[in-house]
Amino acid sequence: MGWDWGSHCRAVGAAGGVCVAQSVKIPREPKPGEFDKIIRRLLETSHARAVIIFANEDDIRRVLEAAKRANQTGHFIWMGSDSWGSKISPVLHLEEVAEGSVTILPKRVSVKGFDRYFSSRTLDNNRRNIWFAEFWEENFHCKLSRHALKKGSSIKKCTSKEHGDAAGSCGVCGDVR
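Residues numbered from 1 in each chain as written. Predicted model: local features only at pLDDT ≥ 70, side-chain atom pairs only at ≥ 80, totals over all residues. Heavy atoms only, no water.

**As for the pattern of salt bridges**
- This structure, assessed with the given rule, holds 6 salt bridges.
- Linking Glu-57 and Lys-87 is a salt bridge whose minimum nitrogen-to-oxygen distance equals 3.0 Å. You can see Glu-57 sitting in helix α3 (residues 57-69) and its partner Lys-87 sitting in the loop between α4 (82-85) and α5 (95-98), a full 30 residues away along the chain.
- For Glu-57, a relative accessible area of 25% gives the class partly exposed.
- Look at Lys-87 and you get partly exposed, because its relative accessible area is 35%.
- Of the charged contacts, one joins Asp-59 and Arg-62 as a salt bridge, the two residues approaching to 2.8 Å between their closest N and O atoms. With Asp-59 and Arg-62 both in helix α3 and 3 residues apart, this pair spans about one turn of that helix.
- When its relative accessible area of 33% is taken as the criterion, Arg-62 is described as partly exposed. (Salt bridge = Lys/Arg side-chain N within 4 Å of Asp/Glu carboxyl O. Helix = DSSP H or I, 4+ residues; strand = E, 2+ residues; numbered from the N terminus. Buried < 20%, exposed > 50% of the residue type's maximum accessible area, 1.4 Å probe, protein only.)

This is how it looks when you write it as structure tokens:
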């Protein structure tokens, strides 16, 4: 379209009332001072105060701590994912920094018969699900390919009989609904 990000942002802002001022990535292994740097960067866009944060609860806590150190309590409006919406640990003793936050917690319900169905899946009867092989390897701590096995590793080759090892139970069904 020939727009630079600034033009696009203004166009979206004018039409929809929302503009993404910046996107900041939290490093996988943050160095000391990294979260203070994130807060300073967020403050560079003075008119942007709402911060949408999708991160694990430890990183959320460190962002809130950095905001407190920067004396920015009450400056930002935090919007977060379910990784902190139902937990106290990310905001414990940081309640004043997190005050007014909006978090999202998806509704979780059991689907009748799902655990029974999912527990009945095996490598032989579930070839159409392209993620099932990865699930099988993770759930039963084995590898499907001989090439993936490392010499001296305690990980065994999958036999497709592992299902019996779990005594017919689905250890992760609650996580895949």
